[in-house]
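Structural features, examined
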Amino acid sequence: ATTNTELIYNAVIILFIMEIDERAFETIDSVNQRWVDEVTKRKRMDEDTISSRGIGEKSDCVLTLEQVEALLEQRTHHLEDRLEQQTRQLKEIKEQLKEREQTQAILKSGCNCATS
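Residues numbered from 1 in each chain as written. Predicted model: local features only at pLDDT ≥ 70, side-chain atom pairs only at ≥ 80, totals over all residues. Heavy atoms only, no water.

Let's shift gears to the packing of helix α1 (residues 4-31) against helix α2 (residues 33-40). Running from amino to carboxyl end, α1 crosses α2 at an angle of 120 degrees, the nearest separation of the two axes being 5 Å. When the axes of α1 and α2 are compared, the pair comes out oblique. Residue-level inspection shows F25, I28, D29 and V31 of α1 in contact with α2, the latter providing Q33, W35, V36 and T40. Here the residues of the contact of α1 with α2 sort into five nonpolar, two polar and one charged. (Axes fitted to C-alpha atoms, helices over the stretch in contact; angles between N-to-C directions. Helix = DSSP H or I, 4+ residues; strand = E, 2+ residues; numbered from the N terminus. Parallel < 35°, antiparallel > 145°, perpendicular 65-115°, else oblique. Contact = heavy atoms within 4.5 Å. Nonpolar A, V, L, I, M, F, W, Y, C, P; charged D, E, K, R; others polar.)

A full pass over the atoms with the stated rule returns four salt bridges. A salt bridge links R82 to D21, with the shortest nitrogen-to-oxygen separation between them at 2.9 Å. Remark: D21 occurs in helix α1 and R82 occurs in helix α4 (residues 65-111); sequence separation between them is 61 residues. When its relative accessible area of 18% is taken as the criterion, R82 is described as buried. Here R82 and E22 are joined by a salt bridge, their closest N and O atoms 2.9 Å apart. Here the residue R82 occupies a position in helix α4, and E22 occupies one in helix α1, the gap between them amounting to 60 residues. Ionic contacts of the salt-bridge type, sharing partners, join the residues D21, E22 and R82 into one network. (Salt bridge = Lys/Arg side-chain N within 4 Å of Asp/Glu carboxyl O. Buried < 20%, exposed > 50% of the residue type's maximum accessible area, 1.4 Å probe, protein only.)

Structure below.
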């Protein structure tokens with residue numbers, strides 16, 4: 001972005017896309033949770049967390065610092081992946097917008113229409 005207006009415009013687009021992505025994910029998750037678990041490997045991450053406590057240990061909902069760090073790292077990687085995906089989507093949208101603006105400019109120049 002070269003101006004403040006463009007910067008705000010881009011930020012709004014990113015926030016809008018993130019909101020749509022989150023709602024679409026929630027909808028898909030509520031309709032077919034097992035598929036989402038497979039795709040996101042959510043169950044496997046949960047099982048890895050549980051198995052890291054050891055066999056036969058009782059869970060008293062107290063996590064060690066290492067477990068908290070591992071969970072935070074997993075969540076960070078997940079969020080980084082989502083950000084990367086949304087950034088790619090935003091670039092695609094910008095490219096499409098640019099192509100449409102170019103097409104519109106060509107059509108306007110081609111018709112030689114003067115507005116009165």
